[in-house]
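# Observations on the model geometry
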Amino acid sequence: MPIGRTVDRWGGRVAVTIYSALFFLSVIGLSFPRDWLSLTVAFGMLRALGVGGLELSCNTCLQQWFSRRRGLATGVGQSINAILSYAVISNLVALAVHQFGWRKTYVLCGGTLLVVYTPIAWLLVRSQPEDIGLLPDGGIAMSTGENGVSSGSQCSTGGNGVSSGSQCSTGG
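Just so it is clear, the model here is predicted, and its values are computed rather than measured. (Residues numbered from 1 in each chain as written. Predicted model: local features only at pLDDT ≥ 70, side-chain atom pairs only at ≥ 80, totals over all residues. Heavy atoms only, no water.)

## Brief notes about the packing of helix H1 (residues 3-29) against helix H2 (residues 36-65)
Between two packed helices, both the angle of their axes relative to each other and the distance between the axes serve to describe the pair. Remark: H1 packs on H2, axes separated minimally by 8 Å, with the N-to-C direction vectors making an angle of 145°. Two packed elements cross with a definite hand, and for H1 against H2 that hand is left-handed. The residue inventory of the contact of H1 with H2, partitioned by class, reads 16 nonpolar, nine polar and one charged. (Axes fitted to C-alpha atoms, helices over the stretch in contact; angles between N-to-C directions. Helix = DSSP H or I, 4+ residues; strand = E, 2+ residues; numbered from the N terminus. Left-handed = near helix turned anticlockwise from the far one by under 90°. Nonpolar A, V, L, I, M, F, W, Y, C, P; charged D, E, K, R; others polar.)

This is the structure we're talking about:
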């Protein structure tokens, strides 16, 4: 299942939810290997579905929310991801391996993905700002009247979240 095609066809919200559920399966799969071939296949699935599927579909969603400060948004998102995964989660996983062993830890991690991350992805992720009446960079989408004439205003906010007059146009 090509990642980009999944995001384009069903939207980021569905793609992130699908890939988080598939990532759950690949993490659980890492608790089963008994030889190098099954370990290689399980690890390949983990990399393809975790980094390939989940991270790229999340990143694609993020890109659709920003146009002017896309690089900054991506950098902040990747920084938060790195801090959580390398500093926090890796220590929790190390404690779990020490306490339960590596096989049970993979099952525990996979279960956590399914029970916590997948529902959060479905409930909180929005594919594009237009899905909730916004424009990229925090702008407010124009509403149209019954006759198709736009009313209200269309504003893009500056980097500080405050709209500037030169970026707003009023429909009539």
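## Observations regarding the packing of aromatic side chains
In this structure the tally under the stated criterion is one aromatic pair. Relative to tyrosine 106, the ring of tryptophan 102 has its centre 6.3 Å away and its plane inclined at 90°; by these criteria the two rings are edge-to-face. Of this pair, tryptophan 102 and tyrosine 106 both sit in helix H4 (residues 102-124), separated by four residues, roughly a single helical turn. Above the face of the tryptophan 122 ring, arginine 13 is positioned so that its terminal group lies 4.2 Å from the ring centre. (Phe/Tyr/Trp six-rings, centres within 6.5 Å; stacked < 30°, edge-to-face > 60°. Lys NZ or Arg CZ within 6 Å of the ring centre and 35° of its normal.)

## Describing a nonpolar patch on the surface
On the surface, Leu72, Val76, Ile80, Leu84, Val88, Ile89, Leu92 and Leu95 cluster together into a nonpolar patch covering about 730 Å² of accessible area. Structurally, valine 88 can be placed in helix H3 (residues 70-100). (Patch = residues over 30% accessible without salt bridge, like charges linked within 9 Å, V, L, I, M, F, W, Y side chains within 5 Å. Areas by Shrake-Rupley, 256 points an atom, 1.4 Å probe, with all protein chains shown as cover. Salt bridge = Lys/Arg side-chain N within 4 Å of Asp/Glu carboxyl O.)

## Comments concerning H2
If you check H2, its first and last C-alpha atoms are 42 Å apart, about what 30 residues at 1.5 Å a residue would give, namely 44 Å. All buried positions along H2 are accounted for by Ala42, Leu46, Leu49, Gly50, Gly52, Gly53, Leu54, Ser57 and Cys61. Contact partners of the buried residues in H2: H1 and H4. (Expected span 1.5 Å × (residues − 1). Buried < 20%, exposed > 50% of the residue type's maximum accessible area, 1.4 Å probe, protein only. Contact = heavy atoms within 4.5 Å.)

## Structural notes on the pattern of salt bridges
This structure, assessed with the given rule, holds one salt bridge. In this structure, aspartate 137 engages arginine 68 in a salt bridge whose closest nitrogen and oxygen atoms are separated by 3.9 Å. Placement of the pair is aspartate 137 in the loop between H4 and strand S1 (143-144) and arginine 68 in the loop between H2 and H3, with a sequence separation of 69 residues. Judged by its relative accessible area of 11%, aspartate 137 falls in the buried class. Its relative accessible area of 46% is what places arginine 68 among the partly exposed residues.

## Quick notes on the packing of H2 against H3
Two numbers describe how H2 lies on H3: the axes approach to 10 Å, and their chain directions differ by 145°. Taken as a pair, H2 and H3 cross one another with a handedness that is right-handed. Residues Glu55, Asn59, Leu62 and Gln63 of H2 lie in contact with H3, whose contacting residues are Arg70, Ala73, Thr74, Gln78 and Asn81. Within the contact of H2 with H3, the residues separate by chemical class into two nonpolar, five polar and two charged.

## Describing the nonpolar core
Counting residues in each nonpolar core, the largest one holds 16 residues, and the members touching the most others are Val16, Tyr19, Phe23, Val27, Leu46, Leu54 and Leu113. Looking at this core, the elements that each hand over two or more residues are H1, H2 and H4. Those residues in contact with phenylalanine 23 that sit more than four places away from it in its chain are Leu46, Leu49, Gly50, Leu54 and Leu113. (Core = buried A, V, L, I, M, F, W, Y, C linked by side-chain atoms within 4.5 Å.)

## Remarks on the confidence of the model for the protein chain
Overall, the prediction assigns the protein chain a mean pLDDT of 83, with 82% of residues at 70 or greater. Low confidence marks residues 148-172, where pLDDT is under 50. Its contacts with residues over four positions away, or in another chain, come to 46 contacts. (pLDDT = per-residue confidence, 0-100.)

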